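This is what each chain is made of:
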Amino acid sequence: MKKELYFGVAIMAMILIGVAIAMPAPSEITDGRLGLLMLSLVVVAIMLGFPTAFTLMGMGVIFTYFAYDGNIQQTLDLMVQSTYKVMTNDVLISVPLFVFMGYLVERANLIEKLFKSLHLAMARLPGALGVATLVTCAIFATATGIVGAVVTLMGLLAMPSMMKAGYDTKMAAGAITAGGCLGILIPPSVLLIVYGATAGVSVVQLYAGAFFPGLMLTGMYIAYIMIRAKINPKCAPPLSEEDRKVPLSPVLDSLKRTYGSSRAVSALVNGLKGRREGNLTGGQVAGQLFVAMLPAIFAAFILGLVYSSLTAPKEAAFDTSGLVSFGSEYQGSSSSNYDFGFDEPAGAETSEVAPALEEPAAPVEAVAEEAESQPAPMNFWISLLIVAAVLVYYYVRLSFERLEVFKMLLTSFFPLAILILAVLGSIVFGLATPSEAAAVGAFGGLMLAAGYRQLSFPVLRESAFLTSKTTAMVCWLFVGSSIFSAAFALLGGQELVEQWVLSLGLTPIEFLLLSQVIIFLLGWPLEWTEIIVIFMPIFIPLLPYFDVDPLFFGLLVALNLQTAFLSPPVAMAAFYLKGVSPPGVTLNQIFLGMIPFMFIQIFAMFVLYVFPQIGMWLPGVLYR
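Residues numbered from 1 in each chain as written. Predicted model: local features only at pLDDT ≥ 70, side-chain atom pairs only at ≥ 80, totals over all residues. Heavy atoms only, no water.

Enquirer: What is the right way to look at the overall build of the protein chain in this model?
Expert: Secondary structure assignment for the protein chain yields 28 helices and 0 strands. Burial analysis of the protein chain (624 residues in total) assigns 46% to the buried set. Taken as a whole, the protein chain presents about 31900 Å² of accessible surface, with 66% of it coming from carbon and sulfur. (Helix = DSSP H or I, 4+ residues; strand = E, 2+ residues; numbered from the N terminus. Buried < 20%, exposed > 50% of the residue type's maximum accessible area, 1.4 Å probe, protein only. Areas by Shrake-Rupley, 256 points an atom, 1.4 Å probe, with all protein chains shown as cover.)

Below you can see the structure in the form of structure tokens.
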């Protein structure tokens, strides 16, 4: 702990020394330099442990007082106006609803079932436990968006399992911390809501844009675990036969003993129409067969919807050949049959004669062509054959153990997946605003907790209390940020920063590199909330000068800000994990385990910059 303390004190000392050197004599200090002094003092105060929101408000009010030459009335007016602007921001309504959904899902105790079913389903992959940990973290972090909760729960659940299986401590710690931070990137993310409200960017477009970069980063994490496990199996040993063993339910166990077949579907069909052991009923066998056929039923339902959409009759066409556009007969005419009492000058002649009015045409009847069904395109039939082949392979390979794992996924993975897709789908496809979708998500969280018999008054009370606490923190941060930004602009600090950046003659690439390096370095001493509310109002006005889309910049920032949870000395994910890790795990091991994932994040940012359509394609298709 002393090393981290020394590191923090050294950074504060460097900031103060730099400010002392850069600032002129007190008699020569301008308002712009006062703004930069305020920014430096805010960073130092936050590093000393003062509450961020009230530090921003306090500094903003004090320096606004200086900017207004001691006029208290104007200072208080600015504070009230900034607060009211935050209170009328509709985007922030979704914050408490999403947070409430996260706390309810966390208390539904799904994560243990989800982790167990995923690691059994992925048992044959290299680094199966690490891959299952990352996938569980990604799903649970997406559903909750609470980094501390995900890292803590996975530290309690996955860390002992990976240590027992012989995993390298650093790899296990890195997988848990990096996976837990995915919730601040993958929608529905509170970070994206905060950025959207700060930068004036549509939260809906941010959600659509962050979807594929989040999947890309998750895929890179998984690829790293699998490649490293393949190259060096000692750091991530494969699961033992004992760990791969799946206990069967009484129905499946009885059918396996009766028919001795490794193919579950054939045994279930035989059990339905043939002999059965003990008290096994036809209804129980039919229920298991229905569960086994769910993938085929779902595929048939989706393909049926696609087929009906592709072959739907076109709208009736109407014959419009007899219709005449209003006024088209008179275009180009310079005269009129109406006399308004104005005579033409002498010698003026009419160059054109107005055409005589024709007899009214006979009424035009709309003739509707007979609607005919359209044939399905060849691509549909090719897709149908591929899906049919996959299903045949699946059912040929479906053993009783695999069916049991599928049932575990059905009760752990699919409810969360349906909740996430319902929330994201309604937002991305324009069916609901983020606030409305958040309300649906909160109701879905209630249903999940009730369905798993975890909904009680103490759980509801605790979730509501934690939601109120988190929401109050976010709202006070916005109030503080609004007051601070207004004071910074009033003092001319924003103009001074803009003049300095533009004087450097940077290209758009150089500006993006400079801004992302600054945000990366700020992630060492500060958390993402502080970076968003303090520094985004400084960067956003500079974007038009370099022709940078604020949406694209927000995606880069969201990728970059994960380092705020993974970079020492304020790597909160490391401290969350250290608090629940086995005694032999040290903080240095956790830090070392996070470093490869930090480099993966930097590589993901590079890939997103080189191929911006990874993030910009979906918003462009849906909203532009």
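Enquirer: So what exactly am I meant to see when it comes to the pattern of salt bridges here?
Expert: Pairing between side chains of opposite charge can happen when their charged atoms approach one another. What the rule picks out here adds up to 4 salt bridges. Measuring nitrogen to oxygen at the nearest pair gives 3.7 Å for the salt bridge that ties lysine 407 to glutamate 404. Of this pair, lysine 407 and glutamate 404 both sit in helix H18 (residues 400-428), 3 residues apart, which is roughly one turn of the helix. Take lysine 407: its relative accessible area is 17%, and that puts it in the buried class. Ionic contacts of the salt-bridge type, sharing partners, join the residues Asp168, Lys170 and Arg228 into one network. (Salt bridge = Lys/Arg side-chain N within 4 Å of Asp/Glu carboxyl O.)

Enquirer: Would you mind going over empty space enclosed by the protein with me for this structure?
Expert: One way to see where empty space is left: roll a probe the size of a water molecule over the atoms. Inspection of every chain in the model, using the stated rule, returns 1 cavity of 30 Å³ or more. Estimates place the volume of the largest cavity at around 30 Å³. Of all elements in the fold, only helix H20 (457-490) and helix H23 (528-539) reach the threshold of two or more residues within the lining of the largest cavity. Here the element with the most residues in the lining of the largest cavity is H20; it accounts for 3 residues. Looking at the lining of the largest cavity residue by residue, the class counts come to 5 nonpolar, 1 polar and no charged. (1 Å grid on protein atoms, 1.4 Å probe; cavity = no way out; pocket = protein on both sides within 12 Å on 5 of 7 lines; lining within 4 Å. Points joined across faces, edges and corners; volume = space filled by probe spheres on them. Nonpolar A, V, L, I, M, F, W, Y, C, P; charged D, E, K, R; others polar.)

Enquirer: I keep staring at the packing of aromatic side chains and nothing clicks. Help me out?
Expert: Two aromatic rings are characterised by how far apart their centres lie and by the angle between their planes. Across all of its chains, the model carries 19 aromatic pairs by this definition. Summarising the aromatic geometry, the rings of phenylalanine 211 and phenylalanine 212 are spaced 5.4 Å apart at their centres and angled 75 degrees between planes, so their arrangement reads as edge-to-face. A connected cluster of aromatic rings, assembled from ring pairs, spans Phe63, Tyr65 and Phe66. (Phe/Tyr/Trp six-rings, centres within 6.5 Å; stacked < 30°, edge-to-face > 60°.)

Enquirer: Honestly, the environment of phenylalanine 413 in this entry has me stumped. Any pointers?
Expert: Secondary-structure assignment places phenylalanine 413 in helix H18. Take phenylalanine 413: its relative accessible area is 23%, and that puts it in the partly exposed class. Sequence separation of phenylalanine 413 and threonine 136 is 277 residues, and the distance between their C-alpha atoms is 8.9 Å. Aside from chain neighbours lying at most four places away, what touches phenylalanine 413 is Leu114 and Ile139. (Contact = heavy atoms within 4.5 Å.)

Enquirer: Just checking my understanding: could you explain H20 for this structure?
Expert: Because each turn of an α-helix spans 3.6 residues, side chains separated by three or four positions end up pointing in the same direction. Its 34 residues give H20 an end-to-end C-alpha distance of 49 Å, which sits within 8% of 50 Å, the value for a rise of 1.5 Å per residue. Backbone geometry just after H20 places glycine 492 at a positive phi near 85 degrees. (Expected span 1.5 Å × (residues − 1).)

Enquirer: What's the story with the nonpolar core in this structure? I'm lost.
Expert: As a rule of thumb, nonpolar side chains are buried together in soluble globular proteins. Grouped together as the largest cluster of nonpolar side chains are 161 residues, with contacts concentrated most on Met536 and Phe553. Look past the residues within four positions of methionine 536 in its chain and what remains in contact with it is Tyr195, Thr198, Ile519, Ile531, Pro541, Phe553 and Val557. Grouped together as the second largest cluster of nonpolar side chains are 20 residues, Ala264, Leu289, Tyr395 and Phe400 included. (Core = buried A, V, L, I, M, F, W, Y, C linked by side-chain atoms within 4.5 Å.)

Enquirer: What am I meant to see in the state of the cysteines here?
Expert: By definition, a disulfide is the covalent link that joins the sulfur atoms of two cysteine residues. One pass over the full model with this rule turns up 0 disulfides. Cysteine 181 supplies the cysteine sulfur nearest to cysteine 137, a cysteine that is in no disulfide, at a spacing of 9.2 Å. On the basis of relative accessible area, cysteine 137 is assigned to the buried category, the value being 0%. (Disulfide = S-S within 2.5 Å.)

Enquirer: How should I be thinking about the confidence of the model for the protein chain in this particular structure?
Expert: Reading predicted coordinates in detail is not appropriate for stretches of low pLDDT. In this model, the protein chain carries an average pLDDT of 80, and 84% of its residues clear a pLDDT of 70 or more. This model gives residues 326-355 a pLDDT under 50, and the stretch forms 13 contacts once residues within four places in sequence are excluded. Between residues 361-369, whose pLDDT stays under 50, and residues either more than four places distant or in other chains, the model counts 13 contacts. (pLDDT = per-residue confidence, 0-100.)

Enquirer: Help me understand the packing of helix H9 (residues 169-180) against helix H27 (residues 587-610), please; the structure alone is not making it clear to me.
Expert: Pairs of packed helices are described in terms of their axes, by the angle between the two and the distance that separates them. Interaxial distance between H9 and H27 falls to 7 Å at its minimum, and their mutual angle equals 65 degrees. As for the relative orientation of H9 and H27, their crossing is right-handed in sense. Contacts between H9 and H27 involve Thr169, Lys170, Ala173, Gly174, Ala175, Thr177 and Ala178 from the first element and Gln589, Ile590, Leu592, Gly593, Met594 and Phe597 from the second. Here the contact of H9 with H27 is built from residues that sort into 7 nonpolar, 5 polar and 1 charged. (Axes fitted to C-alpha atoms, helices over the stretch in contact; angles between N-to-C directions. Left-handed = near helix turned anticlockwise from the far one by under 90°.)

Enquirer: So what exactly am I meant to see when it comes to helix H7 (residues 128-144) here?
Expert: With 17 residues, H7 extends 24 Å between its outermost C-alpha atoms, agreeing within 8% with the 24 Å of an ideal straight helix rising 1.5 Å per residue. Most of H7 sits out of view: 17 of its 17 residues are buried. One or two positions beyond H7, positive phi appears at glycine 145, with a value near 70 degrees.

Enquirer: It is not clear to me how a nonpolar patch on the surface should be interpreted in this structure. Could you clarify?
Expert: There is a patch of nonpolar side chains on the surface, built from Phe298, Phe301, Ile302, Leu305, Val306 and Leu310 and spanning about 540 Å² of accessible area. The topology assignment puts leucine 310 in helix H16 (residues 294-310). (Patch = residues over 30% accessible without salt bridge, like charges linked within 9 Å, V, L, I, M, F, W, Y side chains within 5 Å.)

Enquirer: Would you mind showing me how to read the environment of threonine 83 here?
Expert: Looking at the secondary structure, you find threonine 83 in helix H4 (residues 72-87). Under the relative-accessibility criterion, threonine 83 is labelled partly exposed at 23%. Apart from residues lying up to four places away in sequence, threonine 83 is in contact with Val479 and Ile483.

Enquirer: Whenever I open this one, unusual backbone geometry confuses me. Can you help?
Expert: For residues other than glycine, phi is negative in most cases, and the peptide bonds are mostly trans. Although it is not a glycine, aspartate 69 adopts a positive phi angle of roughly 55 degrees. Residue position: aspartate 69 is located in the loop between helix H3 (52-67) and H4.

Enquirer: Before we go on, may I ask you to explain the side chain of serine 515 in this structure?
Expert: As for its placement among the helices and strands, serine 515 is situated in helix H22 (residues 508-522). For serine 515, the contacting residues outside a window of four places in its chain are Phe539 and Phe553.

Enquirer: When you look at the side chain of serine 249 in this model, what are you seeing that I'm missing?
Expert: Structurally, serine 249 can be placed in the loop between helix H12 (241-244) and helix H13 (250-259). Given the relative accessible area of 16%, serine 249 is considered buried. In this view, serine 249 contacts Glu404 and Lys407; residues no more than four positions away in its chain are not counted.

Enquirer: Whenever I open this one, the environment of proline 415 confuses me. Can you help?
Expert: Of note, proline 415 is situated in helix H18. Along the sequence, proline 415 and leucine 110 sit 305 residues apart, while their C-alpha atoms lie 9.5 Å from each other. Other than its neighbours up to four places away in sequence, proline 415 contacts Leu409, Leu410, Leu448 and Tyr452.

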